[in-house]
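# Examining the three-dimensional arrangement
Residues per chain are reported as follows:
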Amino acid sequence: MTNAVKTPEQIAKMRTAGRLAAEVLEMIGEYVVPGVTTEELDRRCHDYIVNVQEAIPACLGYRGFPKSICTSVNEVICHGIPSESKVLKKGDIINIDVTVIKDGWYGDTSKMYFVGKPAAHAQRLVKVTQECLYKAIEIVRPGTTLGDIGHVIQQHAEKNYYSVVKDFCGHGIGDVFHEDPQILHYGKPGTGQVLEEGMTFTIEPMINAGKPGSRVLRDGWTAVTVDRRLSAQWEHTMAVTSDGVEILTARKEESF
């Protein structure tokens, strides 16, 4: 395990990888339309990462994962495998999760997209899930605990009558894809590890419209809601600064 606390020079390399990951999500948006296959989205992202960014798609081959991005549609919580047979249709919601390796350092981020115009309840779930991420980011600074982060996310989700997926979590990241600490999206204030300057990790709440449970399909990767109701997720990689946080995977449409 790499130390969770990084030097300014290491964070600079992560900043580059994070910016590239954000640019992939910015690039792919216009292609998320009815009739497109998730395989085509994967192919476009792969080609962009490899040929334009001259970087490496971290997911490809990771523990046997067969594609360069994760595409999680509707009731899929996370780790959906792109496929030629999965055609997006009007009203779908989809999470695209991208991790880029540049010069040995990782940037990991995901975003929700609407395919056409989804139902109001789907739009609301996506919005509240993004708010869960942003509310967590707002409190990240030296002295905050991991329990504080989880509590903020859980409170906002449950206040809106949604549930937090507990089977998956955020994670430390650097020159290793997944390292300590684990960032749970539920918890009690004042508990768990205390954040310090230089720590780098992801926060990636997965919020379900129905029950919090998940099950993994026979492909060994795709996690779906137990009740087949919708799920949403947003993710950023960040670094704790002396007085707050820097979002290493911020997109142009966001203001932090």
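That block above? That's the structure.
The structure reproduced in this document is the subject of the present report. Everything numeric here is computed off the predicted structure, so don't read it as measured data.

## As for the side chain of aspartate 42
By the element assignment, aspartate 42 lies in helix α2 (residues 38-52). In this structure aspartate 42 is buried but unpaired, with lysine 67 as the nearest side chain of opposite charge at 4.8 Å. One polar contact links the side chain of aspartate 42 to the main-chain amide nitrogen of isoleucine 69, over a distance of 3.1 Å. With residues near it in sequence (within four places) discarded, aspartate 42 still touches Lys67, Ser68, Ile69 and Pro82.

## Things to note about the packing of helix α1 (residues 8-28) against α2
Here α1 crosses α2 at 135°, and the two axes come no closer than 10 Å. With respect to α2, the element α1 is oriented oblique. Classified by chirality, the crossing of α2 by α1 is right-handed. On α2, the residues that touch Glu23, Val24, Met27 and Ile28 of α1 are Leu41, Arg44, Cys45, Tyr48 and Ile49. Its residues placed into classes, the contact of α1 with α2 shows seven nonpolar, no polar and two charged.

Cut-offs and rules
Residues numbered from 1 in each chain as written. Predicted model: local features only at pLDDT ≥ 70, side-chain atom pairs only at ≥ 80, totals over all residues. Heavy atoms only, no water. Helix = DSSP H or I, 4+ residues; strand = E, 2+ residues; numbered from the N terminus. Buried < 20%, exposed > 50% of the residue type's maximum accessible area, 1.4 Å probe, protein only. Lys, Arg positive; Asp, Glu negative; His and termini not counted. Salt bridge = Lys/Arg side-chain N within 4 Å of Asp/Glu carboxyl O. Polar contact = N/O pair within 3.5 Å; in protein donor to acceptor, adjacent residues only side chain to side chain. Contact = heavy atoms within 4.5 Å. Axes fitted to C-alpha atoms, helices over the stretch in contact; angles between N-to-C directions. Parallel < 35°, antiparallel > 145°, perpendicular 65-115°, else oblique. Left-handed = near helix turned anticlockwise from the far one by under 90°. Nonpolar A, V, L, I, M, F, W, Y, C, P; charged D, E, K, R; others polar.

This is a description of form; function is not addressed.
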